[in-house]
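# Structural overview
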Amino acid sequence: MTIQAFPKNDLHKIETGTLDVPPRLLLGPGPSNAHPRVLQAIGMRQLSHLDPAFIKIMNETQELLRYTWQTDNELTLAISGTGSAAMETAVANVVTPGDVVLVGVMGYFGERLVEMASRHGADVRIIEKEWGDVFEPGEIYAAVEENQPAVVMLVHAETSTGALQPLEDIGDICREFDCLLLVDCVTSLGAAPLYMDNWKIDIAYSCSQKGLSCPPGASPLTVGSRALEQISKRYVKTDTWYLDLNLLKSYWLGDTRAYHHTMSSNMTYALREGLRLVAEEGVENRWARHREMAELFWAGLADIGLSCHVANPELRIPSLTTVRVPEGVDAKAVAGRLLNEYNIEIAGGFSKLSGQVWRVGLMGYNSRPENIMLLLAAFKEILGR
Ligand SMILES: *Cc1c(COP(=O)(O)O)cnc(C)c1O
């Protein structure tokens, strides 16, 4: 056998330095900085995805997830991928083609739910709010009564606007009309009060890189008994193999585990450590800390003449504030200077709020007084206040 000799292509063989990255303080809408203990955990040696030692770590991660979600749901797991992967898992598994789905849209992530539900074949009905506003239970009641949906989809913390949707009364409405309640908790989990079971949420998902202080890559998902029953008796299979909960269930639950895909052990170590930190602090103390830090930040903003986009403090996300950009100020230029001169990342608004707000995240490990002081001082300097 002869090995055919082609001319060697060295075009892409670049010389690179040792990896080094700027020490950014990530105060945008996500990712947030991972806790040092999480970064340490991620460097631990690998285990294979079916090693009994790894299954034990998976089980512990699931228990800590149940605690963080405040749920007894057996099917509580982490999806391999970012929050959007968990989002697509939830949507794809509860939607069967032709189902009427009611989506509450009060910002970009509600729009994304509409897009995903339509791609998976739903007959989507929409109710809308101004960006920064939230729905009243009565408005949801009326829309559910009119549309008789199979699923109601809402965003708890709308990261594009800074508004926190109250959920206490929605579960009962969905039970009355016998439909499922799906909730996006990507920005709220580990940061804002969230009672999966008491609020009667049927399926919810989140991410690792916002309130849980991990890198992105393993995203929490929890499925209640009503949703699970519907998923188990689907008359057509979910139209995605990788995110099919009927398959994932056999990998995440039970005494004998079936291979589905190679779950990253290192990402699972990270998530487990992030969740241990939640349990050590106590989830209710963690919610209180986020709220306290947010109030400190809002007071500091007022001191330098800046205001919040969401007028009612009770409806603001404790881990993500939308700050109004003052008249005549170039929002992008300010964010650019924060990054280049202070190594602080914040984000601007987009779509309907483009140029009108900055989005500031104080999430998980980053929700600390010294970060607030630093950001306020930098704002003051840049804006000349
Ligand atoms: C960040 C975010 C997502 C998407 O999560 P990714 O990890 O970026 O894929 C979905 N919904 C909301 C409300 C978010 O804030």
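To start, this report covers the structure provided alongside it. (Residues numbered from 1 in each chain as written. Predicted model: local features only at pLDDT ≥ 70, side-chain atom pairs only at ≥ 80, totals over all residues. Heavy atoms only, no water.)

## Concerning unusual backbone geometry
Of note, the bond from G30 into P31 is cis; its omega dihedral lies within 30 degrees of zero at 5 degrees. Tracing the backbone shows P31 in the loop between β1 (25–26) and α1 (36–42). The phi dihedral of Q148 falls on the positive side, at around 45 degrees, and the residue is not glycine. Positionally, Q148 belongs in the loop between α5 (137–147) and β5 (151–155). Despite not being glycine, D178 has its phi angle at roughly 55 degrees, a positive value. Tracing the backbone shows D178 in the loop between α6 (170–176) and β8 (180–184). (Helix = DSSP H or I, 4+ residues; strand = E, 2+ residues; numbered from the N terminus.)

## Looking at the state of the cysteines
Per the stated rule, a full pass over the model turns up 0 disulfides. C174 carries a free sulfur, and the closest cysteine sulfur to it, the one in C179, is 3.9 Å from it. What makes C174 buried here is its relative accessible area of 0%. Of all cysteine sulfurs, the one in C207 lies closest to C185, which takes part in no disulfide; the gap is 11 Å. (Disulfide = S-S within 2.5 Å. Buried < 20%, exposed > 50% of the residue type's maximum accessible area, 1.4 Å probe, protein only.)

## As for the packing of helix α7 (residues 225–232) against helix α8 (residues 245–252)
If you want to describe how two helices pack, look at the angle between their axes and the distance between the axes. It is the contact of α7 with α8, at a shortest axis distance of 10 Å, that shows an interaxial angle of 115 degrees. Contacts between α7 and α8 involve L228, I231 and S232 on the former and, on the latter, L245, N246 and K249. Of the residues belonging to the contact of α7 with α8, the class tally is 3 nonpolar, 2 polar and 1 charged. (Axes fitted to C-alpha atoms, helices over the stretch in contact; angles between N-to-C directions. Contact = heavy atoms within 4.5 Å. Nonpolar A, V, L, I, M, F, W, Y, C, P; charged D, E, K, R; others polar.)

## What to know about helix α9 (residues 265–281)
With 17 residues, α9 extends 24 Å between its outermost C-alpha atoms, agreeing within 8% with the 24 Å of an ideal straight helix rising 1.5 Å per residue. In terms of burial, α9 is largely enclosed, as 12 of its 17 residues are buried. Buried within α9 we find S265, N266, M267, T268, Y269, A270, L271, E273, G274, L275, L277 and V278. Looking at the packing, one finds that the buried side of α9 touches α1, α2 (52–69), β2 (75–80), β10 (218–223) and α10 (283–303). After α9 finishes, the residue G282 shows a positive phi value of roughly 95 degrees. (Expected span 1.5 Å × (residues − 1).)

## With respect to the pattern of salt bridges
For the structure shown, the criterion picks out 23 salt bridges. When the shortest N-O distance is used, the salt bridge between D172 and K200 registers 2.6 Å. Pair noted here: D172 is in helix α6 and K200 is in the loop between β8 and β9 (203–205), with a separation of 28 residues, a long-range link. Among the charged side chains, a salt-bridge network with shared partners connects R37, E273, R276 and E280. (Salt bridge = Lys/Arg side-chain N within 4 Å of Asp/Glu carboxyl O.)

## With respect to the nonpolar core
One finds M153 and L182 to be the most contacted residues of the largest nonpolar core, which totals 90 residues. Once residues lying within four places of it in the same chain are set aside, the contact partners of M153 are V91, V94, V95, V101, L102, V103, G104, L113, A117 and L182. Residues M293, V325, I372 and L375 belong to the second largest nonpolar core, which totals 28 residues. (Core = buried A, V, L, I, M, F, W, Y, C linked by side-chain atoms within 4.5 Å.)

## Quick look at the packing of aromatic side chains
Counted under the stated rule, the structure contains 7 aromatic pairs. When the ring of Y108 is compared with that of F109, the centres are 4.9 Å apart and the planes differ by 80 degrees; the resulting orientation is edge-to-face. Here Y108 falls in the partly exposed class, since its relative accessible area comes to 25%. A residue is classified by how much of its surface remains accessible, and F109, at 16% relative accessible area, is buried. Taking 5.7 Å as the distance between ring centres and 70 degrees as the angle between the ring planes, the aromatic pair formed by Y195 and W199 counts as edge-to-face. With relative accessibility at 10%, the residue W199 sits in the buried group. An aromatic cluster is present here, built from Y108, F109 and F350 joined pairwise through their rings. The ring of W298 carries R316 above its face, with NZ or CZ at 4.6 Å from the centroid. Here the basic side chain of R368 rests over the ring of Y365, its NZ or CZ set 4.4 Å away from the ring centre. (Phe/Tyr/Trp six-rings, centres within 6.5 Å; stacked < 30°, edge-to-face > 60°. Lys NZ or Arg CZ within 6 Å of the ring centre and 35° of its normal.)

## Some points on the site of the ligand
T82, G83, S84, F109, R112, A157, T159, D184, V186, T187, Q209 and K210 make up every residue found near the ligand. Here an oxygen atom of the ligand and a side-chain polar atom of Q209 are 2.7 Å apart. Within the side chain of K210, one N or O atom sits 2.7 Å away from an oxygen atom of the ligand. Calculation on the ligand without its partners gives an accessible area of 380 Å², and the protein chains cover 89% of this total. Mapped by element, the contributors of at least two residues to the shell around the ligand are α3 (83–94) and α4 (108–119). Residues that form the shell around the ligand fall into these classes: 3 nonpolar, 6 polar and 3 charged. (Near = heavy atom within 4 Å. Polar contact = N/O pair within 3.5 Å; in protein donor to acceptor, adjacent residues only side chain to side chain. Areas by Shrake-Rupley, 256 points an atom, 1.4 Å probe, with all protein chains shown as cover.)

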